[in-house]
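In case you want the letters, here they are:
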Amino acid sequence: QPVFLSDYTPFGYLVEDVHLTFRLDPQATRVISRIRFRPNPDTTDRGFFLHGEQLRLVTARIDGATITPRITERGLTCDVPDAPFTFQAEVEIAPAANTALEGLYLSNGMYCTQCEAEGFRKITFYPDRPDVMSVFTVRIEGSEPVKLSNGNPTAQGDGWAEWHDPWPKPAYLFALVAGDLVAHADRFTTASGRDVALNIWVRPDDQGKCAFGMEALKRAMLWDEKAYGREYDLDIFNIVAVDDFNMGAMENKGLNIFNSSCVLASPDTSTDANYERIEAIIAHEYFHNWTGNRITCRDWFQLCLKEGLTVFRDAQFTSDIRSAPVKRISDVIALRARQFREDNGPLAHPVRPSSFVEINNFYTATVYEKGAELVGMLKTLVGDDAYAAALDTYFDRHDGQAVTIEDWLKVFEDVTGRDLSQFKRWYTDAGTPRLRVSDAWQDGTYTLTFRQMTPPTPGQPDKAPRVIPIAVGLLNPNGDEVLPTTLLEMTEAEQSFAFPGLATKPVPSILRGFSAPVILERATDNSERAFLLAHDTDPFNKWEAGRALGRDMLMRMALTGGDADAAYLDALRAVLRDDSLDPAFRALALRPPAQDDIAQALHDAGHTPDPQAIYQAADRLGQQMAGHMADLLQGLYQAMAVPGPYSPDAEAAGKRDLQGLVLSLLTRRDGGQTARAQFAAADNMTQQLTALSCLMARQLGQQESQAFHDQWRHDRLVMDKWFALTVAHARPEDAAAGAAELAAHPDFNIRNPNRFRAVFGALAGHAAGFHHASGQGYATLADWLIRLDPINPQTTARMCAAFETWRRYDSARQAHARAALQRILATDTLSRDTTEMVSRILDA
Ligand code: ARG
Ligand code: ZN
């Protein structure tokens, strides 16, 4: 049943062009296709197979003559001429019955599609693979006032519209939308003078939530011209907001479809974090027009080719228009929380996997976020100029093609003359390397010795050494930098680097900017970390020093039940009151590591983590921070107030972030007085939600929670926040029952992925609640995944990852988790998606 990278063969036919007619109907949409094929000169394989699933074939013809093809659950075969021919089919599908949200479906009465990775085969018979690229012409017939597809509009009349996309594309980039929509419209003129119509299409109620997304889109278009020389290539660019969507958004050619949570924004209903995320996702999908659409993937094993590169590009964009250090630190926090966790558990897989059962299960933190880290490392290794030259070559050489990681690396090899065969291991080998560091000081020479080791991962017991770019700086004990950031290129399993001619033994700042996605292991004392937190010139490592202190402190507190030590609290206090530091940076430095990170760290150090003890340690630390900084809190709270009307810019958002952190400490001391006042006075969602969250975290917010619920009852996206917050702030022993109770709320809707994730994603993210000793967290999530699977396998499978850490815990918890997983696996007619995920989690 698995598909293997090594089995790749090209398709026997090329598609010259495709004509599709849609006669829309909720129960019985007709899809009429006319596809011109010709034999592929690059292969002698003439087997003719078209993918097709859950389609009712009405008629099929070859060169006009009716045929009777052989049809299986997976597709269609028939005899074809050994020459160019035209295949025609008419099929019937039922969008209203499509709850999996893959293929053509209805969301709130609006037709929309999601075809990546393999959803086009649920629309019509077609070679649904990314290396088959063709030019699409689409006619949509239906009474819906707005009817959209890819490319440029060519004609329309009463009840119909036609679209033509001149750029050859794979079927996964096909899209269709039809409904009662309104546009927020604008225009953009490209560098070479092309006038492009821009639209964000939404339901009429949401028209006031499009302005920010539109500005973000224009910023992204301009940035891609300046940073990568990439211009838009059609006369129109459409974005559509959809309420029911399995992922964040999709880069369909000229017609991006977004989860409404990733595009709609207004000060009243969206937080600063929402704004930043929306800006990044709009940019990400737009950037795919070149990295993904014009140059696409040969097969789905190459997914990181487009996703890693596009995530890297959207991170560059955010760094350029906001704060680069804050973006880097936030990205590393997320990388460690999601990707390191994945890489160190049963779901570990290479950035380029070599086999899969269901490709939708591989849209992972490893493919996306680690994939982006690999692009970043390449850039670090070859330098900025060579990176720019390589990307130019990549676009020139591969425009219009479906390519591989080998093609990508070859470009860098050709441009730089470097041999990247060792670097390629980053793509093929799973697991997070451990980088152990020791140092020596003798006769004015300081020596750093590194040893790398990557633990075994499923199917990969042994790992060869990788090339690791290690950015290092050295500081004098008085705080001066004696060696500015220098790149060490480690290629051996063990390697030393000497720094001669120093007057005093320096303090090393290693892995600056997080120059490689590795776990740095260095036996060091807290005074060195406190020194780096105070003096490091590299903002990432400055933050990292504080994080390491906090992590070790929380580990010790969880193990011993003890208190935070005063030196640590003093160091945090110094950061908090240092007005020369960006407020956003201070907020990041003061926020302790997540409880799940502490559990992983304890596990790595050979302990069995106790989620309840970690929860209590985190609470104690908060209490002690609040006490140690009590005299600063009111002053800072006032100082971080942002005057004037709400603006989501980075500076204002950073102040609100620090103010929110201060408020959480203050709420531990003033019985909720300040938070209540903020909740009542807030004129934006960031401050309203922060205040509510601070209160709920202390079990003080019942009234405010009710008020919030009543105020926002009719706004789906805000209600998602309310559902999530309610679960997130439940006591550990109440979290599972609380989630189950919310699932009985009249506004819970199992068919809406955002709502399901709000409740059960929050349960999975509540470390002490999900891993509660009673086993209720596991059992409750299993109950609901079993219910969701027949409705929406993709979202079910994705959420199974909540269980990936189960082997970290004690045997009683493991028994509960195993029972829950086995119960899922034993479910009748469990989807292929969920079966694959649960089997991998159980087996490894
Ligand atoms: N390509 C989209 C993006 O990263 C994600 C779509 C994933 N869809 C899926 N069914 N796995 O922007
Ligand atoms: Zn993407």
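Structure first, text after, so check above.
What counts, and where the lines are drawn
- Residues numbered from 1 in each chain as written.
- Chains lettered and ligands numbered in written order.
- Predicted model: local features only at pLDDT ≥ 70, side-chain atom pairs only at ≥ 80, totals over all residues.
- Heavy atoms only, no water.
- Bend = angle between axes of the 7 residues up to and from the residue.
- Helix = DSSP H or I, 4+ residues; strand = E, 2+ residues; numbered from the N terminus.
- Buried < 20%, exposed > 50% of the residue type's maximum accessible area, 1.4 Å probe, protein only.
- Polar contact = N/O pair within 3.5 Å; in protein donor to acceptor, adjacent residues only side chain to side chain.
- Core = buried A, V, L, I, M, F, W, Y, C linked by side-chain atoms within 4.5 Å.
- Contact = heavy atoms within 4.5 Å.
- Salt bridge = Lys/Arg side-chain N within 4 Å of Asp/Glu carboxyl O.
- Near = heavy atom within 4 Å.
- Nonpolar A, V, L, I, M, F, W, Y, C, P; charged D, E, K, R; others polar.
- Donors = N, O, S within 2.8 Å, 3.2 Å for Na, K, Ca; no water.
- Pairing = 2+ DSSP bridges.

1. Things to note about helix H4 (residues 324–343)
Of all the bends found along H4, the most pronounced is centred on Arg-336 and spans about 35 degrees. Buried within H4 we find Val-326, Lys-327, Ile-329, Val-332, Leu-335, Arg-336, Gln-339, Phe-340, Arg-341, Glu-342 and Asp-343. You can read the cap of H4 off the contacts: a side-chain oxygen lies 3.2 Å from the backbone nitrogen of Val-326, and it is on Ser-323.

2. Side note on the nonpolar core
In terms of nonpolar packing, the biggest core is built from 268 residues, with Trp-408, Phe-423 and Phe-760 touching the most fellow members. In this view, Phe-423 contacts Leu-374, Met-377, Leu-378, Leu-381, Leu-409 and Val-467; residues no more than four positions away in its chain are not counted.

3. Side note on the pattern of salt bridges
In total, this model carries 74 salt bridges according to the counting rule given. With a closest N to O distance of 3.6 Å, Arg-338 and Glu-369 form a salt bridge. Of the two residues, Arg-338 sits in helix H4 while Glu-369 sits in helix H5 (residues 365–382), which places them 31 residues apart along the sequence. Residues Glu-804 and Arg-341 are paired through a salt bridge, measuring 2.8 Å at the closest nitrogen-oxygen approach. Here the residue Glu-804 occupies a position in the loop between helix H25 (793–799) and helix H26 (811–825), and Arg-341 occupies one in helix H4, the gap between them amounting to 463 residues. Taken as a pair, Glu-804 and Arg-341 share a single burial class, namely buried. Three or more residues are tied together by salt bridges with common partners; here these are Glu-53, Arg-74, Glu-118, Arg-121 and Asp-128.

4. Observations regarding the site of ligand 1
Neighbouring ligand 1 are 15 residues; Glu-116, Glu-251, Glu-285, Asn-360 and Tyr-368 lie closest to it. Between ligand 1 and Tyr-368 there is a distance of 2.6 Å, counted from an oxygen atom to a side-chain nitrogen or oxygen. Here Gln-794 contributes a side-chain N or O atom positioned 3.1 Å from a nitrogen atom of ligand 1. Contributions of two or more residues to the shell around ligand 1 are made by strand E20 (249–250), helix H2 (272–287) and helix H3 (303–321). Of the residues contributing to the shell around ligand 1, the split by class is five nonpolar, five polar and five charged.

5. Some details on the coordination of the zinc ion (ligand 2)
Within the protein, His-284 (NE2), His-288 (NE2), Glu-307 (OE) and Glu-307 (OE) serve as the donor atoms for the zinc ion (ligand 2), at 1.9 to 2.8 Å. Between consecutive donors of the zinc ion (ligand 2), the numbers of intervening residues give the motif H-x3-H-x18-E. Within this pair, whereas His-288 is found in the loop between H2 and strand E22 (296–297), its partner Glu-307 is found in helix H3, the two being separated by 19 residues in sequence. Comparing His-288 with Glu-307 shows no difference in burial state: the two are buried.

6. Some words on the pairing of strand E3 (residues 29–39)
Only one face of E3 is covered, namely the face carrying Thr-29, Val-31, Ser-33, Ile-35, Phe-37 and Pro-39; the face carrying Arg-30, Ile-32, Arg-34, Arg-36 and Arg-38 is uncovered. Across ten bridges, strand E2 (residues 13–23) lies against E3 in antiparallel orientation. Bridge assignment links Val-15 to a residue of E3, and that residue is Phe-37. Between E2 and E3, which pair antiparallel one after the other, the connecting turn spans five residues.

7. Brief notes about unusual backbone geometry
That bond from Glu-116 to Ala-117 is cis: its omega, 0 degrees, falls within 30 degrees of zero. With respect to the helices, strands and loops of the structure, Ala-117 is situated in the loop between strand E11 (110–114) and strand E12 (134–141). You will see that Phe-514, though not glycine, has its phi angle at about 55 degrees, which is positive. By the secondary structure assignment, Phe-514 is in the loop between strand E30 (507–510) and strand E31 (519–522). By relative accessible area, Phe-514 is classed as buried at 2%. Despite not being glycine, Thr-829 has its phi angle at roughly 50 degrees, a positive value. Topologically, Thr-829 is positioned in the loop between H26 and helix H27 (832–843). Residue classification places Thr-829 among the exposed residues on the basis of a relative accessible area of 79%.

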